[in-house]
Structure formats: C-alpha cells, structure tokens
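Reading the structure
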Amino acid sequence: MPPRKKKSNNAKNEIVEEEGVLEGTMSENSTSVPNVATNNEASTGSIDDLPGIGPATAKKLRESGFGTLESLATVSIGQLVAVGNLGEATSSKIIQAARDSLNFGFVSADEILERRRNMLKITTGSASLDDLFGGGIETGAVTELYGEFRTGKTQLAHQLCVAAQLPRELGGLRVDGPIKVIYIDTEGTFRPERILNMTKRWEGDLDVKQVLKNIMHGRAYNSDHQMVLAEKAAQDSQTEPIGLVIVDSLIAHFRAEYIGRGTLATRQQKLNQHIHTLLKMAEVGNMAVILTNQVHSKPDMFFGDPTLPVGGHIVAHASQTRVYLRKSKGERRIARIADSPLLPENETVFAITGDGIIDVN
Ligand code: GTP
Ligand code: MG
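Criteria and cut-off values
Residues numbered from 1 in each chain as written. Chains lettered and ligands numbered in written order. Predicted model: local features only at pLDDT ≥ 70, side-chain atom pairs only at ≥ 80, totals over all residues. Helix = DSSP H or I, 4+ residues; strand = E, 2+ residues; numbered from the N terminus. Buried ≥ 20, exposed ≤ 12 C-beta atoms within 10 Å, placed from the backbone. Contact = placed C-beta atoms within 7 Å. Axes fitted to C-alpha atoms, helices over the stretch in contact; angles between N-to-C directions. Parallel < 35°, antiparallel > 145°, perpendicular 65-115°, else oblique. Left-handed = near helix turned anticlockwise from the far one by under 90°. Near = placed C-beta within 6 Å. Nonpolar A, V, L, I, M, F, W, Y, C, P; charged D, E, K, R; others polar. pLDDT = per-residue confidence, 0-100. Core = buried A, V, L, I, M, F, W, Y, C linked by C-beta atoms within 7 Å. Pairing = 2+ DSSP bridges.

Counting its secondary structure elements, the protein chain contains 13 helices and eleven strands. For the protein chain, with 361 residues in total, the buried portion stands at 43%. Taking the contacts inside the protein chain whose residues are at least 6 apart along the sequence as the reference set, 68% of them involve residues at least 24 apart.

One way to put it is that helix α10 (residues 223-236) packs onto helix α12 (residues 264-285) with a least axis distance of 9 Å and a crossing angle of 20 degrees. Between α10 and α12, the interaxial angle falls into the category roughly parallel. The two elements α10 and α12 cross, and the hand of that crossing is left-handed. For the pair α10 and α12, the contacting residues are S223, Q226, M227, A230, E231, A233 and A234 in the first and K270, Q273, H274, T277, L278 and M281 in the second.

Around ligand 1 lies a shell of 14 residues, among which F149, R150, K153, T154 and Q155 are the nearest. If you list the elements that add at least two residues to the shell around ligand 1, you get α7 (153-163) and β10 (347-353). Broken down by element, the shell around ligand 1 gets its largest block of residues, three residues, from α7. Classifying every residue of the shell around ligand 1 by side-chain character gives two nonpolar, eight polar and four charged.

This part takes up the environment of D355. Topologically, D355 is positioned in the loop between β10 and β11 (356-359). The partly exposed category is assigned to D355, around which 13 C-beta atoms lie within 10 Å. The spatial distance from the C-alpha of D355 to the C-alpha of M198 is 4.8 Å, given a sequence separation of 157 residues. Leave out the neighbours within four places in its chain, and D355 touches N197, M198, K200 and R201.

This paragraph deals with the confidence of the model for the protein chain. Model confidence for the protein chain is summarised by a mean pLDDT of 84, while 85% of its residues fall at 70 or above. Here residues 1-43 scores under 50 on pLDDT; set against residues more than four positions off or in separate chains, the count is 82 contacts.

Let us look at the nonpolar core. Across soluble globular proteins, nonpolar side chains have a tendency to be buried as a group. In terms of nonpolar packing, the biggest core is built from 72 residues, with L160, C161, L244, V245, I246, V289 and I290 touching the most fellow members. In this structure V289 touches V142, V245, L278, M281 and A282, once residues within four positions along its chain are discounted. Within the second largest apolar cluster, 14 residues are counted, among which are F66, L72, V75 and L80.

Among the seven residues in strand β6 (residues 242-248), seven count as buried, and that is most of the element. In the sheet, strand β4 (residues 180-185) pairs with β6 via six bridges, with the strands oriented parallel. Bridging across to β6, V181 finds its partner in L244. One ladder, built from four bridges, connects β6 with strand β7 (residues 288-293); its direction is parallel. Looking at the pairing, I246 lines up with I290 of β7.

Taken in spatial order, the nine strands make up an open sheet running β5-β4-β6-β7-β3-β8-β9-β10-β11, and their pairing is mixed. Here the strands that pair on one side only, and so sit at the sheet edges, are β5 (215-219) and β11. The average undirected angle you get between the axes of adjacent strands in this sheet is 25 degrees. The pairing of strand β3 (residues 142-147) with β7 spans five bridges and is classified as parallel. Along β7, the bridge assignment pairs L145 with T292. Sitting on the sheet, α10 is in contact with β4, β5 and β6, with an inclination near 170 degrees to β4.

Right, let's get into unusual backbone geometry. In this model, D248 is joined to S249 through a cis peptide bond whose omega is -5 degrees. Within the secondary structure, S249 sits in the loop between β6 and α11 (252-257). Even without being a glycine, R150 presents a positive backbone phi close to 60 degrees. Tracing the backbone through its elements, the reader meets R150 in the loop between β3 and α7. Phi at N286 takes a positive value of approximately 45 degrees, unusual for a residue other than glycine.

Given below as structure tokens:
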C-alpha cells in the first residue's frame, strides 16, 4: 500500500483535479478495541445464562439464528415468535431478559463517544478518498455508494473486500485471526480475478492465498433471495469473524420486480425489512456494510432528480453516509459526500487502475 497521505483540512466543495495532495498523517486505525473478528465478544454473557431459558430453548434459539444476547435484545417480539417458534409471552420475556442483561436503554453521550472510538475504518486504497470519509469506511454503520453505471461502485466494493483483510495498522480490520467478508452480488459482476489484482500491492501484508477464501460470495437471483442471503449473513456474523458486508446492488432486483405504482408500497416494505436487517447487523456486530445504488437515470422522467439515488427515503434514512460517484477524465472518478451526520459535504478525485483504487498523482 502506498504511504497514507492526508489533505489539508480546508474543506473545498469544488474539485481542482490538478491540485496536489499534501503530506500528513492519517487518522488512527489501531486503537485498542474489541475485535470485529469476534462479534460475540461484545456480549457480556451467554444466552444460556438468561433466566427462564433452559438447554432446549437455548438450542432452539441458536438454531433460529439467535445465538447472542445482542441478537435477542434487538429482535422484535413478532419476529421471535415467527422465526424462533416460541409463544408471545415467552418471546417477550426472553427479549426483556436479554435487554436487561445488556443494560439496553438510554446511554449518556460520553458513552456514545466511547463506543464511536471502538469504530474502525477500512482504507479505500486512496488516501484522498480515505480523507474524504474521515479516515476510511466506518464499521458499525451503513455506507451507500451511488452513481451512474461504470462510476466505480463495484470496483470500490471489490477493493474494500481486500482492504478489510489488512492488519489494522494498514487500514484493515485484522488483529489476530482472519477477517471475513460477505459479498451479496445481485448483478453477477463479482470478479475474483479483480480481487487478485487488487491484492498485489499488499502482497507482503496479506496471505494472498487466503484472501479469496475469506470472501463469501452469494449470487442473489431475485429480491427474496437477496433478503434471505442478508439474513444468513446476520446469522453467520454471530459465529464468524465477519468485518464487512457488501450488497451490490441494493435495489436492482426490487426495481425490476416491482413495476408500476401499485406495487410501490410492497416494494418499499420489503426494502425496509431488508435494510433493517443490514443496519442491525452493522450496529450489533460493529461491521461495515456497503450498499451500492443506482441513480434516477432518465433525465426526461417526470419525477425524481436524475442525480439522486433510487429507493426513496427508506434507503436514505438507513445509510449513515451516502457517497455520490461520478466519472471524470479517463480512469478518474469523483466521490462526493452527499449526506453524512458528521462529514462535511466535500469531494475528491481518485482513480480506478488495474491494481485497484488509488490516488490521482
Ligand atoms: P454499474 O454496476 O454498471 O452501475 O457500474 P459500477 O459503478 O459498478 O462500475 P464499476 O465499478 O464496474 O466500474 C467499471 C469501470 O471500472 C470500468 O469502466 C473501468 O473504467 C474500471 N475498471 C474495471 N476493471 C478494470 C481493470 O481491470 N482495470 C482498469 N484499469 N480499470 C478497470
Ligand atoms: Mg456495478
């Protein structure tokens, strides 16, 4: 990986591509935090210790994907009844017990700040892009990459599959054991060859043979399948060291399957459920979730800004950071922070090369 650089803090909204990048230090990735690789460590206890849960119920809960206190504390009663095959009163008691044991409720702002210090950042491969993101792609949150075709959404997603596996001091998530990545591919555009190309610059820092093995690829053939894969990812994240989940692309199937105004409500309801699964997974497991999204592509359309992401307010509310990608000259692309609770609206230029995402010289 090239030495990490930092741009000056003078936030500029307009891109001057020829502008040089100033030397500096990158934000720290190596603070002492719980290992993303072992999401279970976030729990202070086991579900077996909850009052009223015997071995048979514990087994049933595990089989239904509720193996941790966090998963029980954050499920709705209706969901536990449906998925866990338990009665309403029992489900309610179990959820309450899990919440009590985790001290769920209000927390003070300084505690939130402390939690945010546990957040990790994954390098994008480009120092100026990392800088735009305030140090890299955040764990514990959903980041949405949107833009027209060939703007680099899939390429950036591939790059992050590699970068997440780097040691922390190099901008990845790894401490001891391997970090796994889940790639939900709705368009069939995942290419392991590209992953190998992108691994080259970190050959000394990555176990090249393991990089592909650590990426679990799920080809989603329709929106229901996509939703099932996300639920499977959430379940697997309770036992597997998953640090990054990618959904490329979030909306394509939903858009293709629910055509016409009459189906919009159903589509949004399903999408809402899907996004909720992803959001919860990000927050509970402190992992990074990346969604790619399309823009309204017809300038002659009657409703919608042609440069806005599709999916409406449901997607907008779930993504903590929304990034708009657009083309520039040749291999150059421009990324703009379109919506973030923390980052200023700003843009930067990066390049897509054979070796992956890099800074523009
Ligand atoms: P859609 O999925 O169609 O919406 O587009 P996208 O935003 O996902 O685009 P993607 O990330 O697939 O970017 C495609 C672009 O990446 C191509 O037009 C190339 O410019 C670049 N690219 C892809 N593969 C390579 C490669 O092997 N070498 C180089 N130099 N560039 C590549
Ligand atoms: Mg793509």
